[in-house]
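# Coordinate inspection notes
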Protein chains: 2
Amino acid sequence: MGITIQNIADLAKVSKGTVSRVINGAPGVGAETRKRILKLIEELDYQPNASAQGLASRRSYNIGVIIPHTGSYSMSTTYWPTLLTAITEKAASQDYNVLLSTARSEEDVDSAYRSILKGKRVDGLIVGAEQFGEKQLAKLLLKDFPFVMVGKSTAFSHYYVDVDNVGGARRMTEYLISLGHRKITMLAGPEILPSVQSRVRGFQEAMTKAQLDPGRVIYTTYQAEDAEKTALQILREDPPTALFVAAADLVLGALEAARKLKIRIPEQLALVTFDDHPFYPYLSPSITAVKQPIHELGRAAVEMLFALMAKKPVEKKEILPVEIIVRGSSQPGDAMK
Amino acid sequence: MGITIQNIADLAKVSKGTVSRVINGAPGVGAETRKRILKLIEELDYQPNASAQGLASRRSYNIGVIIPHTGSYSMSTTYWPTLLTAITEKAASQDYNVLLSTARSEEDVDSAYRSILKGKRVDGLIVGAEQFGEKQLAKLLLKDFPFVMVGKSTAFSHYYVDVDNVGGARRMTEYLISLGHRKITMLAGPEILPSVQSRVRGFQEAMTKAQLDPGRVIYTTYQAEDAEKTALQILREDPPTALFVAAADLVLGALEAARKLKIRIPEQLALVTFDDHPFYPYLSPSITAVKQPIHELGRAAVEMLFALMAKKPVEKKEILPVEIIVRGSSQPGDAMK
DNA sequence: CTGAAAGCGCTAACAC
DNA sequence: GTGTTAGCGCTTTCAG
């Protein structure tokens, strides 16, 4: 059936060992011999059997990625798909493939963990931090298995890459203050999430620094209905002049709430958010957002992982800067154009 | 280091062969023995080494997926991420993992093809049809390698799943006609793509059936700038009363063109599109669209692939029905709400 | 119902 | 520089 290293060796009149050296770019093969073997490999379109290589060398040349299940349900952010693309691309540049698992529930996380790690299918792992339970994390740490998290974990301190949540929230808040807003409310995700905590911190730092009331923070879940209900509550009971929607999953809910209460944005309420989206320029009003460098984040994760796998010294974390994109939803002047 | 089948065998006082049978759920093991072995496996958290299994059994329990690179550049559709999720989920339900490759250019396709297929890393392949060149396809066919395409290929006739492009376009056109539109233009993607051809066909069928002028079709590329330029041209030179934007990648360009020409939607122009998006309800106006069953498509692809891998008889194609979602962009009455 | 043994295709250590 | 050889951990006949 398939052509093997032995076939190549026979045809080249050398031993398997020599062919193996050529395949792996190892030294100790004569230039002539090497050329001859390479030619044969090319001609026969020979591809070494990955299982055999893996078994013998204990390396799979795969990395695993565990991210949340991104069905059509919650595609209000391009975060995970974009991240995944960046990871895959960067991995490919180092001849690594990506083995994917998506997790919808706590349970899924565990099965994803098992299936992807099962039998050394991967040499390293990139994991959406919020996706990971303490049990699995502990196991990985125990085994000294190379992995990096995207986003800070709730549980452990480990190698991770993240965006500057604190700085982004702070700067966005400062921007709102500079527009004259004094009463600002933050609609935030679940309080236990580190990303949420960071964004809240940035928000409060800016408010405090401006000697304003520390600002009201209302937590909610990432469920669309919850977000809307909470937003309705905020806007009905104690409406601020600016609403900082601290995550993409909450944006549509907030917009819907404003629409229902016939609150016009930005005239009656400035609305800004964290995490940009290609559609934001086309919503009406267009949405002001903190833009995260998602591609860079993915690349950084892969680089960190490879360094870890190579047992090179690595910084425990890498925090990437974000950008404020000002659009109509925060600027009364522009909204009418 | 890792715990092996031999360890289990020793502890259970049986041979490797028996343990292997248990692992694979093969018959011919006494109930007692089986139970004892399973208990040991559980206790020791034993996971068979995938490479060794792969080498011995010639199966990897991975399927490969090659889809276009979906960076932040073109995230105006949730098609690929959603499809990927559906595939991964369905595969996981059968204990298969997904090995991912994304391709940005023609060249990438080839390297993706090589790297993913390299050395039997996968037992089957799901491929975004438009992503695949004839050379690679021919090779796969030649090797009799199990693969299914998502979408119809330009090149060959092979197993594929797709949505009902013809029917969707036809029904959407009929809907526009029922609203009283007589002059309808379709802004379509590259003419060589089968999906584009099908949508054009559905459009023209409906126009002809209604005894209308067959309708104008203008082709463009999926580049945002091209789409906008082409839309501008249509709307400036010979504006229809309804514009059928036949792909998601063209929508933002069309909207931008209308905005620049100060053409109000839906009052002066009805705009509808193919492929729904979670943001469409929130654009202003909200967008009427043909909704594709992307999750089902992904599941169907996996099912077809597994049938192929099992050498079961399979229909050469499976076409899934689509749905028309009516929103503001096609209904003057609603647009003001 | 279970054991023994021959590979699967490759790597890597050790000879020469 | 190149060949030889012993595994890597599992599956799968073939005996018994």
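Residues numbered from 1 in each chain as written. Chains lettered and ligands numbered in written order. Predicted model: local features only at pLDDT ≥ 70, side-chain atom pairs only at ≥ 80, totals over all residues. Heavy atoms only, no water.

### Points about the side chain of B:Asp123
Residue and element names in this part refer to chain B.
- Considering the arrangement of structural elements, one finds Asp123 in the loop between α6 (106-117) and β3 (124-128).
- Although Asp123 is buried, it makes no salt bridge; Arg59 carries the closest opposite charge, 5.9 Å away.
- A polar atom in the side chain of Asp123 sits 2.8 Å from the backbone nitrogen of Ser60.
- Engagement of the side chain of Asp123 in a polar contact is seen with the side chain of Tyr96, the distance being 3.0 Å. (Helix = DSSP H or I, 4+ residues; strand = E, 2+ residues; numbered from the N terminus. Buried < 20%, exposed > 50% of the residue type's maximum accessible area, 1.4 Å probe, protein only. Lys, Arg positive; Asp, Glu negative; His and termini not counted. Salt bridge = Lys/Arg side-chain N within 4 Å of Asp/Glu carboxyl O. Polar contact = N/O pair within 3.5 Å; in protein donor to acceptor, adjacent residues only side chain to side chain.)

### Thoughts on the domain arrangement of chain A
Residues and elements named next belong to chain A.
- Under the domain assignment used here, chain A contains domain 1 (5-55), domain 2 (59-162 + 295-320) and domain 3 (165-292 + 324-336).
- In this structure, domain 2 and domain 3 have C-alpha centres spaced 29 Å apart.
- On the side of domain 3, 12 residues touch domain 2, which itself brings 11 residues to the contact.
- At the surface where domain 2 touches domain 3, the tally comes to zero salt bridges.
- Viewed at the interface, domain 3 and domain 2 are joined by one residue pair in polar contact (both at pLDDT 80 or more).
- Its residues placed into classes, the side of domain 2 that touches domain 3 shows two nonpolar, six polar and three charged. (Domains from an automatic or database assignment. Contact = heavy atoms within 4.5 Å. Nonpolar A, V, L, I, M, F, W, Y, C, P; charged D, E, K, R; others polar.)

### Here we look at the protein's contact with DNA strand D
- In the neighbourhood of DNA strand D, 27 residues make up the surrounding shell, with A:Arg21, A:Gly30, B:Ile5, B:Lys16 and B:Tyr46 lying closest.
- The backbone of B:Ile5 places a nitrogen or oxygen atom 2.4 Å from a phosphate oxygen of DNA strand D.
- Counting residues per element, the ones that place at least two in the surface near DNA strand D are α2 (16-23) and α4 (50-57) of chain A together with α2 (16-23) and α4 (50-57) of chain B.
- Tallied by class, the residues present in the surface near DNA strand D amount to nine nonpolar, 13 polar and five charged. (Near = heavy atom within 4 Å.)

### A few points about the relation of the copies chain B and chain A
- Screw-axis analysis of chain B against chain A gives a translation of 0.0 Å along the axis, an RMSD of 0.1 Å, and a rotation angle of 180°. What the superposition gives is, in effect, a two-fold axis relating one chain to the other. (Least-squares fit on C-alpha atoms with pLDDT ≥ 70 in both.)

### Section: the pattern of salt bridges
- This structure, assessed with the given rule, holds 24 salt bridges over all chains.
- Between A:Lys139 and B:Asp45 there is a salt bridge whose closest N-O contact spans 3.3 Å. Residue A:Lys139 is located in helix α7 (residues 134-143), and its partner B:Asp45 is located in the loop between α3 (31-44) and α4; the two belong to separate chains.
- Judged by relative accessible area, B:Asp45 falls into the partly exposed class, the value being 28%.
- The salt bridge partner of A:Asp238 is A:Arg216, with a shortest N-O separation of 3.9 Å. Highlighted residues: A:Asp238 in the loop between α10 (224-237) and β8 (242-245) and A:Arg216 in strand β7 (residues 216-219), separated in sequence by 22 residues.
- What you see here is one network of salt bridges that share partners, running through A:Arg170, A:Arg201 and A:Glu205.

### A few points about the sheet that holds β8(A)
Residue and element names in this part refer to chain A.
- Ordered in space as β7-β6-β8-β9-β10-β12, the six strands form an open sheet in which the pairing is mixed. Each edge of the sheet is formed by a strand with only one pairing partner; in this case those strands are β7 and β12 (323-325). Strand-to-strand twist across the sheet, computed as the mean angle between neighbouring axes with direction ignored, equals 20°.
- Helix α8 (residues 165-178) contacts β6 (184-188), β8, β9 (270-274), β10 (288-291) and β12 of the sheet and is inclined by roughly 165° relative to β9.
- Here α10 sits on the sheet in contact with β6, β7 and β8, set at roughly 165° to β6. (Pairing = 2+ DSSP bridges. Axes fitted to C-alpha atoms, helices over the stretch in contact; angles between N-to-C directions.)

### Some details on the protein's contact with DNA strand C
- What surrounds DNA strand C is a group of 26 residues, the closest being A:Ile5, A:Tyr46, B:Arg21, B:Gly30 and B:Thr33.
- Contact distances for DNA strand C include 3.3 Å between a base nitrogen and a side-chain N or O atom of A:Arg21.
- Between DNA strand C and B:Ser15 there is a distance of 2.9 Å, counted from a phosphate oxygen to a backbone nitrogen or oxygen.
- Within the residue set of the surface near DNA strand C, elements represented by two or more residues are α2 and α4 of chain A together with α2 and α4 of chain B.
- Looking at the surface near DNA strand C, its residues break down into nine nonpolar, 12 polar and five charged.

### Overview of the nonpolar core
- Formed by 102 residues in total, the largest nonpolar core has its most connected members in A:Ile63, A:Ile126, A:Met186, B:Ile63 and B:Ile126.
- Setting aside its immediate chain neighbours within four residues, A:Ile63 contacts A:Ile87, A:Ala91, A:Tyr96, A:Asn97, A:Val98, A:Leu99, A:Val122, A:Gly124, A:Ile126, A:Leu305, A:Phe306 and A:Met309.
- Counting residues in each nonpolar core, the second largest holds 52 residues, with A:Leu235, A:Ala257, A:Leu269 and B:Ala254 among its members. (Core = buried A, V, L, I, M, F, W, Y, C linked by side-chain atoms within 4.5 Å.)

### A look at the packing of aromatic side chains
- Enumeration according to the criterion identifies 11 aromatic pairs over all chains in this entry.
- Look at B:Tyr61 and B:Tyr96: their rings are 5.1 Å apart centre to centre, the planes differ by 50°, and that puts the pair in the tilted class. Taken together, the positions of B:Tyr61 in the loop between α4 and β1 (62-68) and B:Tyr96 in the loop between α5 (79-92) and β2 (97-103) put the pair 35 residues apart, joining distant regions of the chain.
- On the basis of relative accessible area, B:Tyr61 is assigned to the partly exposed category, the value being 30%.
- Geometrically, the ring pair formed by B:Phe203 and B:Phe244 is edge-to-face, given 6.5 Å between the ring centres and 85° between the ring planes. Of this pair, B:Phe203 sits in helix α9 (residues 194-209) while B:Phe244 sits in strand β8 (residues 242-245), placing them 41 residues apart in sequence.
- Feature note: the residues A:Phe279, A:Tyr280, B:Phe279 and B:Tyr280 constitute an aromatic cluster, connected by ring pairs. (Phe/Tyr/Trp six-rings, centres within 6.5 Å; stacked < 30°, edge-to-face > 60°.)

### Side note on a nonpolar patch on the surface
All names here are of chain A.
- On the surface, a cluster of nonpolar side chains totalling about 240 Å² of accessible area is made up of Ile3, Leu11 and Leu44.
- One can find Leu11 in helix α1 (residues 5-12).
- Under the relative-accessibility criterion, Leu11 is labelled exposed at 53%. (Patch = residues over 30% accessible without salt bridge, like charges linked within 9 Å, V, L, I, M, F, W, Y side chains within 5 Å. Areas by Shrake-Rupley, 256 points an atom, 1.4 Å probe, with all protein chains shown as cover.)

### Observations regarding the interface of chain B and chain A
- With 53 residues of chain B at the contact, the number on the chain A side is 54 residues.
- It is B:Asn97, B:Phe279 and B:Tyr282 that lose the most area in chain B upon contact with chain A, and together they represent 14% of the buried surface on that side.
- Counting every contact that joins chain B to chain A gives two salt bridges.
- At the junction of chain B with chain A, the criterion picks out eight residue pairs in polar contact (both at pLDDT 80 or more).
- At the level of elements, α4, α5, β2, α6 and α11 (251-260) of chain B are the ones that each hand at least two residues to the side of chain B that touches chain A. (Buried area = accessible area lost by both parts, 1.4 Å probe.)

### Regarding the environment of A:Leu100
- Note on placement: A:Leu100 falls in strand β2 (residues 97-103).
- Placed 25 residues apart in sequence, A:Leu100 and A:Leu125 show a C-alpha to C-alpha distance of 10.0 Å.
- For A:Leu100, the residues in contact, after removing those within four places along its chain, are A:Val65, A:Ile67, A:Leu84, A:Ile116, B:Leu84, B:Thr88, B:Asn97 and B:Val98.

### A look at the packing of α5(B) against helix α12 (residues 294-309) of chain B
Residues and elements named next belong to chain B.
- Two numbers describe how α5 lies on α12: the axes approach to 8 Å, and their chain directions differ by 45°. For the element pair α5 / α12, the angle class is oblique. α12 is crossed by α5, and the crossing has right-handed handedness. Touching Tyr79, Thr82, Leu83, Ala86, Ile87, Lys90 and Ala91 of α5 are Ile294, His295, Leu297, Gly298, Arg299, Val302, Glu303 and Phe306, all from α12. (Parallel < 35°, antiparallel > 145°, perpendicular 65-115°, else oblique. Left-handed = near helix turned anticlockwise from the far one by under 90°.)

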